[in-house]
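Each chain, letter by letter, is given below.
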Amino acid sequence: MIERYTRKEIGEIWSERNKFQKWLEVEIAVCRAWAKLGKIPKEALKKIEDKTRIDEETLQKIREYERVYKHDVLAFVSAISEQVGEEGRFIHLGLTSSDVIDTALALLMREALDVLLKDIELVMEELKRLAYEHKDTLMIGRTHGVHAEPTTFGIKMAVWYDEMRRNRERLLMAKERVSYGKISGAVGTYSNVPPEVERFALEELGLKAEPASTQIVHRDRHAELISAIAITASSLDKFATEIRHLQRTEVLEAQEPFTEGQRGSSAMPHKKNPIHSERICGLARVIRSNLITALENVVLWHERDISHSSAERVILPDSTIALDYILNLFYEILQGLVVDRERMLKNMELSKGLYFSSKVLVALTEKGLARDKAYDLVQRAAMKSWNSDKSFKEALMEEPEVNKLLSKEEMERLFDLWEFVKHRDYIFKKVFG
């Protein structure tokens, strides 16, 4: 991911230095396992533990070897072994490259997921704050972009909170699914490394063993992770799209924060554009596109090929880095979100009370009118209001059958805005407990 969208903490997780550090942790865990089985002398193990390191000099040495070998794992092993001397021969004993790469990759994915889960907690806390702050902030609900029935901005935030909770659950499940390694050799048969080495090493690393590996940990696990990331990004895309709509000049019910000194357009000084929400939508597209590649990576020849390798070197860091970025960007938007209660009420008046049509339909049906007849009657009054300056209530009162069935007192009760959201406490209890 480009530097512009890379936050420091998660960027360092996917750095070259941290990758090789994780490779080294795997190699040392394997050496300790061999030592338990008596294959590596204790003195040799201690020297391996004490002497091996990943620093700038080591990174440079790995790069030099890789230019010759055209093989990054062999370059890494040579550079690390040199630090130890004669005892370096025990490093990478019985292993194949993917034993190291895939096991270390699980450690990297787990680190990245810890950051993403922390991000989601922050977003959820802010959504909960906004939900309670605007629990009674009336606004029009829209379906197909058209006024439907009133809701509250707090209920909208509760909906988003609940969706983010599901995203958190998906990422937690993905973390469980990718926390698998393998130390089972060239095709997963333990031909040069016994199962005990795998068991000891993975226990130390806090990973589970792939039950039936080939040369690799199977990529359906990684595809599930990218899927969870893509769904989370799509939720943020959905929320950001809503904010973009609400910030339109014709709507203007909510706006992104606009900081002092910020400029919206190079040509039009008056502009306050929802650029952060739009950036979320754009990066969500990138993340979703990575899911296609992750699914393609599941399909490999026989016990493995390396067609997945080059692709996942891009999509795994980029997807987690991009999601970390847009989660934090969305968090900042929520923190400074400008909610215009008066504009919400003013916009509700644009449809002249037409949103009460469902209440009237139910009332007339309960009075004994056939539903189709009641629907036609209410729709006739609604269209009269839609195409004139009359309010829906005025148009309704001109219908003789309505006056016959509903008293003025009943009509007043039907046209109570708060009746639409009288169960908001019930919704909040379901969402927040």
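Residues numbered from 1 in each chain as written. Predicted model: local features only at pLDDT ≥ 70, side-chain atom pairs only at ≥ 80, totals over all residues. Heavy atoms only, no water.

Draft legend 1. Quick peek at the pattern of salt bridges. In this structure the tally under the stated criterion is 40 salt bridges. In this structure, the salt-bridge partner of Arg248 is Glu250, at a minimum N-O distance of 3.8 Å. Judged by relative accessible area, which is 41%, Arg248 ranks as partly exposed. One salt bridge in this structure joins Lys393 and Glu412, with 2.6 Å as the shortest N-O distance. With a gap of 19 residues between them, Lys393 in helix H15 (residues 392-397) and Glu412 in helix H17 (residues 408-414) connect regions that are remote in the sequence. Among the ionic contacts, a cluster of salt bridges with common partners joins Arg380, Lys384, Lys390, Glu398 and Glu399. (Salt bridge = Lys/Arg side-chain N within 4 Å of Asp/Glu carboxyl O. Buried < 20%, exposed > 50% of the residue type's maximum accessible area, 1.4 Å probe, protein only. Helix = DSSP H or I, 4+ residues; strand = E, 2+ residues; numbered from the N terminus.)

Draft legend 2. How the structure looks around unusual backbone geometry. Of note in this structure, His144 is not a glycine but carries a positive phi near 60 degrees. Considering the arrangement of structural elements, one finds His144 in the loop between strand E1 (138-143) and strand E2 (146-152). Positive phi values are uncommon outside glycine, yet Tyr190 reaches one of about 60 degrees. Counting through the fold element by element, Tyr190 comes out in the loop between strand E3 (180-181) and helix H8 (195-205). What makes Tyr190 partly exposed here is its relative accessible area of 25%.

Draft legend 3. Representation of the pairing of E2 in the model. When E1 meets E2, the two strands line up antiparallel, connected through five bridges. Residue pairing across strands places Thr143 opposite Val146, the latter belonging to E2. Hairpin connection of E1 to E2: two residues between the antiparallel strands, including His144 at a positive phi of 60 degrees. (Pairing = 2+ DSSP bridges.)

Function-wise, these values are silent; they only describe arrangement.
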